[in-house]
Amino acid sequence: MADLDRQAEAILRANDRGGYTVPTAGLYPYQWNWDSAFAALGFAEFDLDRAWRELETLAEGAWGNGMWPHILFRSDDPDYFPGPSVWRAGEAIPSSGVSQPPVAATIARALYERDRPLGAERLVGLFPKLLAWRDWFHRDRAGSTGAIVVTHPWESGRDNSPDWDAAMANVEVAELPPYERRDTGHVDQSMRPTKADYDRYLTLVAWGRDAGWQTGRITAEGPFAVADPTMTFILMRADRDLAALAGALGETAAAERLRADHARALEAASSLWCEDLQAYAARDERSGAFAEGITSAALLAWYAGLRDPAHEAALLATLHALFDAAPHALPSFDPRHPKFDAKRYWRGPVWAIVNWMVARGLHEAGHETEAARLRADTRRLIEGAGFYEYFDPRDGAGAGGPDFTWTAAIWLAWASPSKNEEWN
Ligand code: GLC
């Protein structure tokens, strides 16, 4: 498999635009937030300096309020919509107006652990910005229970998940100037969000823009606010990793503050437990209603460090039910549900990055069989189909964009047979 290792490395190099990496050429021509964090994890396998650089360029786009935006528009590429002239946001660098899950903090810790003296040097600039970002989440995106709210489906990183359906249906579509989507010129329409989705995505962008991108106000008053297990769990994980880094860097006050907040986050997370689904689930901040089906986000609880004895056995049973429902794990949405769609993005397909996070949590919680299953499936999918954006959980076909940065990165860091024994 050394051949696939070489291919994965070549993909990262080819998607490198000089200090930052695009998710895939064409479809996603800018720097995306969590994609960059995963790119750093991949680069760390062969160029640790370049890995740090990826996080540093991402941090250059941070806003004064602490937020790291979900896209940095370092150029204006007419091949992508909606670009900087629609968002009209950003400070040092034009950007989108929402964030994305803060995996960068966890990956900064992984890089630090590979070479501590180098890490301590690179974190001098980066650590305060990571801290400011997590403070922003807790200040401007905390919902009524403390669980973290997303104000746009794009903020969650799971764009068209059924988790957003009910809240999206309540978004009244604004009068929009005529627009032309560019994504469907790159990838078949059947694999992408629908026109109704896009009208609402753009309505939410317009609302935020009209609100001057005041992020706290958008959370409190905007047309879309859903407490999201992805964001809540990934932030909990980020807080733990930042606390560890704070300890290592001698930032004692920050370390204590982070640990204290973590205790509160445990309570917030339990507000996302849904008895009907026997899983954690997204919850509409305005109506209080839970989402209607199980998404892979629920299984990030272990990655968060959540070990709630009241729910652990049930959650494990839910994971097994998803394993049994499709040959390739982990489907992003429950294959037993009528809304399951094996090729449409976050309504069914398998994503290598999610497998990595879920497996890592399972491994840390001692669920080695399940963790190994996820690694084996990720490996088989990539070996069989190549480095696609995501995969069909029924037949294993690759879908979305090809030569995808984060799939290559997950291969190098975890799925490749050359990483057999390691859990970075
Ligand atoms: C899509 C995905 C999101 C990702 C982006 C770039 O919007 O849903 O998670 O960050 O593409 O790959």
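How each quantity is defined
- Residues numbered from 1 in each chain as written.
- Predicted model: local features only at pLDDT ≥ 70, side-chain atom pairs only at ≥ 80, totals over all residues.
- Heavy atoms only, no water.
- Helix = DSSP H or I, 4+ residues; strand = E, 2+ residues; numbered from the N terminus.
- Rg over C-alpha atoms; globule rule 2.2 N^0.38 Å.
- Contact = heavy atoms within 4.5 Å.
- Salt bridge = Lys/Arg side-chain N within 4 Å of Asp/Glu carboxyl O.
- Buried < 20%, exposed > 50% of the residue type's maximum accessible area, 1.4 Å probe, protein only.
- Expected span 1.5 Å × (residues − 1).
- Near = heavy atom within 4 Å.
- Polar contact = N/O pair within 3.5 Å; in protein donor to acceptor, adjacent residues only side chain to side chain.
- Areas by Shrake-Rupley, 256 points an atom, 1.4 Å probe, with all protein chains shown as cover.
- Nonpolar A, V, L, I, M, F, W, Y, C, P; charged D, E, K, R; others polar.
- Axes fitted to C-alpha atoms, helices over the stretch in contact; angles between N-to-C directions.
- Parallel < 35°, antiparallel > 145°, perpendicular 65-115°, else oblique.
- Left-handed = near helix turned anticlockwise from the far one by under 90°.
- Pairing = 2+ DSSP bridges.
- Phe/Tyr/Trp six-rings, centres within 6.5 Å; stacked < 30°, edge-to-face > 60°.

Caption draft 1: View of the overall build of the protein. Along the protein, the regular secondary structure elements total 17 helices and 11 strands. Scaling as 2.2 N^0.38, a compact globule of 424 residues should have a C-alpha radius of gyration of about 22 Å, and the protein matches this with 20 Å. Viewed in the frame of its principal axes, the protein has a C-alpha envelope of about 55 × 45 × 45 Å. Taking contacts inside the protein between residues at least 6 apart in sequence as the whole, the part at least 24 apart equals 71%.

Caption draft 2: Summary view of the pattern of salt bridges. In the structure shown here, the tally under the stated rule is 42 salt bridges. Note that E54 and R50 form a salt bridge whose closest N and O atoms lie 3.0 Å from each other. Of the two residues, E54 and R50 are both situated in helix α3 (residues 48–59); the distance of 4 residues between them amounts to about one turn of the helix. R50 carries the same exposure label as E54, and that label is buried. The salt bridge partner of R122 is E56, with a shortest N-O separation of 2.7 Å. With R122 in helix α6 (residues 116–140) and E56 in helix α3, this residue pair connects regions lying 66 residues apart in the sequence.

Caption draft 3: A look at helix α16 (residues 368–385). Along its 18 residues, α16 runs 26 Å from first to last C-alpha, staying within 8% of the 26 Å computed at 1.5 Å per residue. Listed as buried for α16 are E370, A371, L374, R375, D377, T378, R379, L381 and I382. Contact partners of the buried residues in α16: α14 (312–325), α15 (352–364), β10 (390–391) and α17 (405–415). Within two residues after α16, G386 carries a phi angle of roughly 100°, on the positive side.

Caption draft 4: View of the environment of E91. Structurally, E91 can be placed in the loop between β3 (89–90) and β4 (94–95). When the C-alpha atoms of E91 and A238 are compared, they prove to be 24 Å apart, with 147 residues separating the residues in sequence.

Caption draft 5: Examining the site of the ligand more closely. Around the ligand lies a shell formed by P23, Y28, W32, W34, D35, Q100, G157, D159, Y345, W346, F404 and W406. The side chain of Y28 places a nitrogen or oxygen atom 3.2 Å from an oxygen atom of the ligand. In this structure, W34 approaches the ligand through a side-chain N or O atom, which is 3.0 Å from an oxygen atom. Within the complex, 97% of the 310 Å² of free accessible area of the ligand lies under protein. Grouping the constituent residues of the shell around the ligand by class yields 8 nonpolar, 2 polar and 2 charged.

Caption draft 6: α14, seen in detail. With 14 residues, α14 should cover 20 Å at 1.5 Å per step; its first-to-last C-alpha distance of 20 Å lies within 8% of that length. Of all the residues in α14, the buried ones are E312, A314, L315, L316, T318, L319, L322 and F323. Residues of α14 that are buried sit in contact with β7 (273–274), β8 (279–280), α13 (301–304), α15 and α16.

Caption draft 7: Up close: the packing of α16 against α17. One way to put it is that α16 packs onto α17 with a least axis distance of 11 Å and a crossing angle of 130°. Taken together, α16 and α17 sit at an angle that is classed as oblique. Note that α16 runs across α17; the crossing there is left-handed. Between α16 and α17, the contacting residues are A371, L374, R375, T378, R379, I382 and E383 on the first element and T407, I410, W411, W414 and A415 on the second. Broken down by class, the residue content of the contact of α16 with α17 amounts to 7 nonpolar, 2 polar and 3 charged.

Caption draft 8: Broad picture of the side chain of H152. Relative to the elements of secondary structure, H152 occurs in the loop between β5 (149–150) and α7 (153–156). For H152, a relative accessible area of 1% translates into the label buried. Polar side-chain contacts of H152 include one of 3.0 Å to the backbone nitrogen of W154.

Caption draft 9: Main features of the sheet that holds strand β6 (residues 226–227). The strand order across the open sheet formed by 3 strands is β5-β6-β9, and the pairing between neighbours is antiparallel. Bordering the open sheet on either side are β5 and β9 (283–284), each of which pairs with just one other strand. Of the pairings in the sheet, the one linking β5 to β6 comprises 2 bridges and is antiparallel in character. Across the sheet, the residue bridging to V150 is V226, located in β6.

Caption draft 10: Inspection of the environment of Y303 at higher detail. Here Y303 lies in helix α13. Take Y303: its relative accessible area is 0%, and that puts it in the buried class. Counting along the chain gives 138 residues from Y303 to D165, while the straight-line C-alpha distance between them is 25 Å. The contacts of Y303, once residues within four sequence positions are left out, are V103, T106, F233, I234, R237, R240, W356, M357 and G361.

Caption draft 11: Here's a closer look at unusual backbone geometry. A cis amide bond links F81 to the next residue, P82, at an omega of 0°. Position of P82 relative to the elements: it lies in the loop between β2 (71–72) and α4 (84–87). Here A329 and L330 are connected by a cis peptide whose omega angle stands at 0°. Residue W213 is not a glycine yet carries a positive backbone phi of 55°. Residue placement: W213 occurs in the loop between α9 (195–210) and α10 (215–221).

Caption draft 12: Here's a closer look at the packing of aromatic side chains. Across all of its chains, the model carries 31 aromatic pairs by this definition. Each ring, one from W154 and one from Y201, has its centre 4.7 Å from the other, and the planes form 45°; the classification is tilted. With W154 in helix α7 and Y201 in helix α9, this residue pair connects regions lying 47 residues apart in the sequence. Y201 carries the same exposure label as W154, and that label is buried. Centre to centre, the rings of F387 and W411 are 6.2 Å apart; their planes meet at 90°, and the pair counts as edge-to-face. Residue F387 is located in the loop between α16 and β10, and its partner W411 is located in helix α17; the two are separated by 24 residues in the primary sequence. As far as the burial class goes, F387 and W411 line up, both buried.

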